[in-house]
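What the coordinates show
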Amino acid sequence: QVQLVESGGGLVQPGGSLRLSCAASGFLFSMYVMSWYRQAPGKERELVASIPNTGDSTNYADSVKGRFTISRDNAKNTIYLQMNSLKPEDTAVYYCYAVRTFTTIEYKREYWGQGTQVTVSS
């Protein structure tokens, strides 16, 4: 059974840090591009960071560059999001996302986690 389980969210003061984890199971983790998305109330879900299968490169939203770091451990089937210098604007539900594209047959397989709440407030 496929599962993406986020953890590590919570309440933190501005300038503080959190590390989110996403534990994956039930699929070939090393074959999937992994991402973190977030969604604040009244706003659309947005991409925060992504990391390819090999972990050799990463992509970040401009709003989090220099503050957030995404990483993956294929041996543990886990991705992480280290969040530093947190701002109130970072408050959102953070979701783990896995996707594998089969180009030759134009097919995409994707999975979402349940999300974890991050609240940045004094």
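Preceding this section is the structure that the text describes.
Because the structure is predicted, anything quoted here is derived from the model rather than measured.

Parameters and conventions
Residues numbered from 1 in each chain as written. Predicted model: local features only at pLDDT ≥ 70, side-chain atom pairs only at ≥ 80, totals over all residues. Heavy atoms only, no water. Salt bridge = Lys/Arg side-chain N within 4 Å of Asp/Glu carboxyl O. Helix = DSSP H or I, 4+ residues; strand = E, 2+ residues; numbered from the N terminus. Buried < 20%, exposed > 50% of the residue type's maximum accessible area, 1.4 Å probe, protein only. Pairing = 2+ DSSP bridges. Axes fitted to C-alpha atoms, helices over the stretch in contact; angles between N-to-C directions.

For the coordinates displayed, the defined rule picks out 5 salt bridges. The closest approach of N and O atoms between D90 and R38, which form a salt bridge, is 3.0 Å. With a gap of 52 residues between them, D90 in the loop between β8 (78-83) and β9 (92-102) and R38 in strand β4 (residues 33-39) connect regions that are remote in the sequence. For R38, a relative accessible area of 5% corresponds to the buried category. Among the ionic pairs, D90 bridges to R67, the shortest N-O distance being 2.8 Å. Here D90, found in the loop between β8 and β9, pairs with R67, found in the loop between β6 (59-60) and β7 (68-73); they are 23 residues apart in sequence, far enough to count as distant. One continuous salt-bridge network, built from bridges that share partners, spans R38, E46, R67 and D90.

Further remarks concern the sheet that holds strand β1 (residues 3-7). Across the sheet, which stays open at both edges, the 4 strands sit in the order β1-β3-β8-β7 with antiparallel pairing between neighbours. The open sheet terminates on both sides in strands that have one partner only, identified here as β1 and β7. With direction set aside, neighbouring strand axes in the sheet form an average angle of 15°. Judged from the 6 bridges that link them, strand β3 (residues 18-25) and β8 form a sheet pairing that is antiparallel. Within β8, the position partnered with C22 by the bridge is I79.

To continue, consider the pairing of β7. Only one face of β7 is buried: it carries F68, I70 and R72, and the other face, with T69, S71 and D73, is open. Here 6 bridges tie β7 to β8, and the two strands are oriented antiparallel to one another. Of the residues in β8, the one forming a bridge with T69 is Q82. In textbook terms, the turn of a hairpin is the stretch between consecutive antiparallel strands, and for β7 and β8 this stretch comprises 4 residues, one of which, N77, has a positive phi near 55°.

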